[in-house]
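A look at the structure
Spelled out, the chains give:
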Amino acid sequence: MQFSDLHAQYRALQQEIDENIRRVLEHGKYIMGPEVGELEEKLAAYVGRKHCITCANGTDALSLVLMAWGIGPGDAVFVPSFTFMSTAEVVSLAGAEPVFVDVEEDTFNMDPESLLEAIARVDREGRLRKRAVIPVDLFGLPADYRRILPIAEAHGLKVLEDGAQGFGGTLDGKTACAFGDASTTSFFPAKPLGCYGDGGAVFTDDDTLAGLLQSIRIHGKGSEKYDNVRVGLNSRLDTLQAAILQPKLAAFSAYELAARQKWAEAYSERLSGAVKTPAVPEGFSSSWAQYTLLLESHAKRESLKAALAAAGVPSMVYYPRPLHRQTVYLPLGYEAGSLPVSERLAERVLSLPMHPYLTEETVEAVCAAVLKNL
Ligand SMILES: *Cc1c(COP(=O)(O)O)cnc(C)c1O
């Protein structure tokens, strides 16, 4: 049994993917070939944004936006603590300070009340300028933009949606990666829409920002190739990856997303009476980057994980340590207990196998193993 079965997907799409790879090898335009622009148009249309700027990975996608906004030393950027390292790392890399915010136990996403408290703390201390907030669509569920966008507006914060896991989710009929001033996603192989290596994208409706991003992703280029007008990165999406992503995007929107939703419902139907299954609040839908249980205690999580492994069922802990308690961030002074929900989740979450090519038998076997070992 696979936790995320990329090989089953390849078998389903092999003909188109092989054909697309071959076409790139024939034309040889490996950097910024025609497939890159084609993919950007398709992605922008899917998400419902005016511009899509692809880049080398989902971490660079976040960095590109922070660079374009001129975020740097002395700036505060609010990020959830219960997320992947990139969300905070890019803030530090820009020379600014990540201000960690707690999450909601039900959705695992940024808690708007905790965001307000963090804003008040930064105001009180008066050391940092408030610049931006990076809500994360964790495990495929959009963050609570209904409540976060008005808070950001009231406090003059830019909103950068980290949709690395959210691609395909929706809130009130609007697609993930369409919220805030800019949004990003990742095409890391295990994400809902993955390529065969690293890749990422930024989305925005802002023409000026889109122009800046296009320049920054290619060494800060000006209108002439060898006139660089600002400091940038080397962060392009390979043509080969763009060619691979086109049939994958078509399959994602035609049936893969629906299949993920179907398997998530099948898990919840069988498990929700016995263990805390993921909540999807009214008006939201998830793309199920992960299907994550919340156990009653750390000991129960550890024993279930071990029993599943013994039964041949792979499971993963996303994430075992919240960012405010990572070694690198200890100097910022967040004590144990300062963001209690993030800390509790890190001890008690467990993610089950999730991908579009699951079968009834596999889901049944996973659920039986979970129910037997709670
Ligand atoms: C995967 C991920 C990223 C980074 O994406 P890469 O393509 O691996 O650089 C950023 N944020 C979150 C929440 C992620 O899950």
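Analysis parameters
Residues numbered from 1 in each chain as written. Predicted model: local features only at pLDDT ≥ 70, side-chain atom pairs only at ≥ 80, totals over all residues. Heavy atoms only, no water. Helix = DSSP H or I, 4+ residues; strand = E, 2+ residues; numbered from the N terminus. Contact = heavy atoms within 4.5 Å. Buried < 20%, exposed > 50% of the residue type's maximum accessible area, 1.4 Å probe, protein only. Pairing = 2+ DSSP bridges. Near = heavy atom within 4 Å. Polar contact = N/O pair within 3.5 Å; in protein donor to acceptor, adjacent residues only side chain to side chain. Areas by Shrake-Rupley, 256 points an atom, 1.4 Å probe, with all protein chains shown as cover. 1 Å grid on protein atoms, 1.4 Å probe; cavity = no way out; pocket = protein on both sides within 12 Å on 5 of 7 lines; lining within 4 Å. Sits in = over half its atoms within 2 Å of the grid points. Axes fitted to C-alpha atoms, helices over the stretch in contact; angles between N-to-C directions. Points joined across faces, edges and corners; volume = space filled by probe spheres on them. Domains from an automatic or database assignment. Nonpolar A, V, L, I, M, F, W, Y, C, P; charged D, E, K, R; others polar.

Let's shift gears to the environment of Ala 118. On the secondary structure map, Ala 118 appears in helix α5 (residues 112-125). The spatial distance from the C-alpha of Ala 118 to the C-alpha of Val 79 is 10.0 Å, given a sequence separation of 39 residues. Residues in contact with Ala 118, not counting those within four places in the same chain, are Phe 78, Val 99, Phe 100 and Val 101.

What follows concerns the pairing of strand β11 (residues 291-294). Across the two faces of β11 the burial is the same, with Tyr 291 and Leu 293 and Thr 292 and Leu 294 all buried. In the sheet, β11 pairs with strand β12 (residues 349-352) via 4 bridges, with the strands oriented antiparallel. In the strand pairing of β12, Thr 292 is matched with Ser 351.

The subject of this paragraph is the site of the ligand. Around the ligand, the structure places 14 residues, and the nearest of them are Gly 58, Thr 59, Gln 165, Ser 186 and Lys 191. Within the side chain of Lys 191, a nitrogen or oxygen atom sits 2.7 Å from an oxygen atom of the ligand. Isolated, the ligand exposes 380 Å² of accessible area, and the fraction of that covered by the protein chains is 94%. Of the pockets mapped on this structure, the ligand occupies the largest pocket. When contributions to the shell around the ligand are tallied by element, the ones reaching two or more residues are α3 (58-68) and α4 (86-93).

Two pairing modes exist for strands in a sheet, parallel and antiparallel, and in both the strands are linked by backbone hydrogen bonds. With respect to topology, 7 strands assemble into an open sheet ordered β1-β9-β8-β5-β4-β2-β3, the strand pairing being mixed. The outermost strands of the open sheet, each flanked by one partner alone, are β1 (51-55) and β3 (97-101). Across the sheet, the axes of successive neighbouring strands diverge by a mean angle of 25°, strand direction being ignored. Here strand β5 (residues 158-162) pairs with strand β8 (residues 182-186) via 3 bridges, running parallel. Each residue of the ladder has a partner; that of Asp 162, found in β8, is Thr 184. Together, β1, β8 and β9 (200-204) form the strand contacts of helix α7 (residues 207-216), whose direction differs from that of β1 by roughly 20°.

The volume enclosed by the largest pocket comes to roughly 550 Å³. Secondary-structure elements contributing two or more residues to the lining of the largest pocket are α3 and α4. Tallying contributions element by element places α3 first for the lining of the largest pocket, with 3 residues. Both domains that meet at the lining of the largest pocket, namely domain 1 (6-101 + 109-247) and domain 2 (255-372), each give it at least three residues. Considering only enclosed or pocket space, the second largest pocket measures out at about 260 Å³ in volume. Every element with two or more residues in the lining of the second largest pocket is listed here: β3 and α5. When residues in the lining of the second largest pocket are grouped by element, the largest group, 6 residues, is from α5. Its residues placed into classes, the lining of the second largest pocket shows 8 nonpolar, 2 polar and 6 charged. A domain-level breakdown of the lining of the second largest pocket finds at least three residues from each of domain 1 (6-101 + 109-247) and domain 2 (255-372).

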